[in-house]
Amino acid sequence: MPDTLFLGNLVKDWLIAVGIAIAAFFIMKTLQRAIVRRVGKFAEKTRTELDDLLVGALRKTRLYFFVVIALYLGAQALTLSPPADRILNAVLVLGTLLQAAIWGNAAIAFFLQRALRQRTEADPGRATTLSALGVVAKIVLWSILILLALDNLGVNITGLIAGLGIGGIAVALALQNILGDLFASLSIALDKPFVIGDFIVVDEFLGTVDHIGLKTTRMRSLSGEEVIFSNTDLLKSRIRNFKRMYERRVVFGIGVTYETPHDRLAGIPAILKRILESHTDVRFDRAHFKEFADSSLNFEVVYFVTTPDYNRYMDIQQSINLEIYRQFHAAGIAFAYPTRTIYVQNPP
């Protein structure tokens, strides 16, 4: 019986091959579990994250990979025909490349999460940038591995790449809107005209950026609804980013009546300067008698609020207005208001 031929090999050789395959499979699985357990305990006690990457890669090693390796090792005890040998080698290459892709994805995800933890608190724009680069890295990884797999299977990848280039042009023309949004997303991620959490104004829409995706950007408006822009249209618009406003320039005017005496009129700029300089978070710029209007003598005031917070600006402006009203009233300065002259013609 052991000396009986079966598919070109003795039965005893088949038994040896099966034994080698089974032994190799159980040895690899045992080593995997032991290493994961020991390195995992060690990784919990260290600050370096490379051992965490090793443990994660071992845990993502799939069962079929061990089966492919075990079958290949067991087959070394047999004499295989050329077609069978080519099939075995192809299975080995495909299994190894697929497992390499899984390891590569895990490594990309690991370094992406590590970078996000370290940098997004200081710069929220990093989240979008790193996520977009992670997608690109995975696409490149899978493209390379697929080409390697085809090359090992005997496919002429030079002609394939040339054909894909011609076909890619046709696909790009058909998907130009989607590809335009994709590249616009990468532009937003790299150039960072705004990041998640920024308050922006786009045309007549204003709100806070909630999400920056590969095709669309979502903004939560002040009234509560979600406004969705395609990335291409968004970059074609004029965007005002208030989150990056370090201080606010404020210009306002007041008018007093023509009956105001000259000495009081000349003292108004000093009164306005004194009022503004008494407030915190305010940098006074100027106060001038600007013009003779139809029904008032107009003054223009310019100052800077040294914080971008809108509510703080409104609190300051309200306080300034109340103080101007109080001091003008105390000084006997009357505010002007629109007047209308009516001409009455006596009948003949």
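Note: the structure precedes this text.
Model, not experiment: these values are computed from the prediction. (Residues numbered from 1 in each chain as written. Predicted model: local features only at pLDDT ≥ 70, side-chain atom pairs only at ≥ 80, totals over all residues. Heavy atoms only, no water.)

**Some points on the sheet that holds strand β4 (residues 205-212)**
- Taken in spatial order, the 5 strands make up an open sheet running β6-β5-β4-β3-β7, and their pairing is antiparallel. Two strands close off the open sheet at either side, each with one partner strand: β6 (226-230) and β7 (239-241). Between one strand axis and the next, the sheet turns through 40 degrees on average, direction left out of account.
- Here 3 bridges tie strand β3 (residues 199-202) to β7, and the two strands are oriented antiparallel to one another. The residue of β7 that forms the bridge with Val202 is Ile239. (Pairing = 2+ DSSP bridges. Helix = DSSP H or I, 4+ residues; strand = E, 2+ residues; numbered from the N terminus. Axes fitted to C-alpha atoms, helices over the stretch in contact; angles between N-to-C directions.)

**Some points on the packing of aromatic side chains**
- Applying the stated criterion to the full structure yields 12 aromatic pairs.
- Pairing Phe65 with Phe66 gives two aromatic rings, centres 6.3 Å apart and planes at 50 degrees, and the pair type is tilted. Across the pair, Phe66 and Phe65 agree in class, each one buried.
- With a centroid separation of 5.9 Å and 80 degrees between ring planes, the pair formed by Phe205 and Phe229 is classed as edge-to-face. In this pair, Phe205 is assigned in strand β4 and Phe229 in strand β6, connecting sequence segments 24 residues apart.
- Note on Phe229: relative accessible area 12%, which makes it buried.
- The cationic tip of Arg283 hangs over the ring face of Phe304; the distance from NZ or CZ to the ring centre is 4.4 Å. (Phe/Tyr/Trp six-rings, centres within 6.5 Å; stacked < 30°, edge-to-face > 60°. Buried < 20%, exposed > 50% of the residue type's maximum accessible area, 1.4 Å probe, protein only. Lys NZ or Arg CZ within 6 Å of the ring centre and 35° of its normal.)

**Let's talk about the packing of helix α9 (residues 262-277) against helix α10 (residues 310-331)**
- Put simply, α9 and α10 touch, their axes get as near as 11 Å, and they point 145 degrees apart. In the crossing of α9 with α10, the sense of the turn from one axis to the other is right-handed. In contact with Arg264, Ile268, Ile271, Leu272, Arg274, Ile275 and Leu276 of α9, α10 contributes Ile320, Glu323, Ile324, Gln327, Phe328 and Ala331.
- In the contact of α9 with α10, the residues fall into 9 nonpolar, 1 polar and 3 charged. (Left-handed = near helix turned anticlockwise from the far one by under 90°. Contact = heavy atoms within 4.5 Å. Nonpolar A, V, L, I, M, F, W, Y, C, P; charged D, E, K, R; others polar.)

**Examining the pairing of β4**
- Here β3 runs beside β4; their pairing, made up of 4 bridges, is antiparallel. The residue of β4 that forms the bridge with Val201 is Leu206.
- A loop of 2 residues connects β3 with β4, the two strands running antiparallel in sequence, and Asp203 in this loop sits at a positive phi of about 55 degrees.
- As judged from the 5 bridges shared by β4 and strand β5 (residues 216-221), these two strands associate in the antiparallel manner.

**A short note on the layout of surface pockets**
- If you add up the space inside the largest pocket, you get close to 290 Å³.
- In this structure, the largest pocket is lined by Gly197, Phe199, Val201, Leu206, Leu222, Phe242, Lys243, Met245, Arg248, Pro308 and Tyr310.
- Per-class residue counts for the lining of the largest pocket are 8 nonpolar, 1 polar and 2 charged. (1 Å grid on protein atoms, 1.4 Å probe; cavity = no way out; pocket = protein on both sides within 12 Å on 5 of 7 lines; lining within 4 Å. Points joined across faces, edges and corners; volume = space filled by probe spheres on them.)

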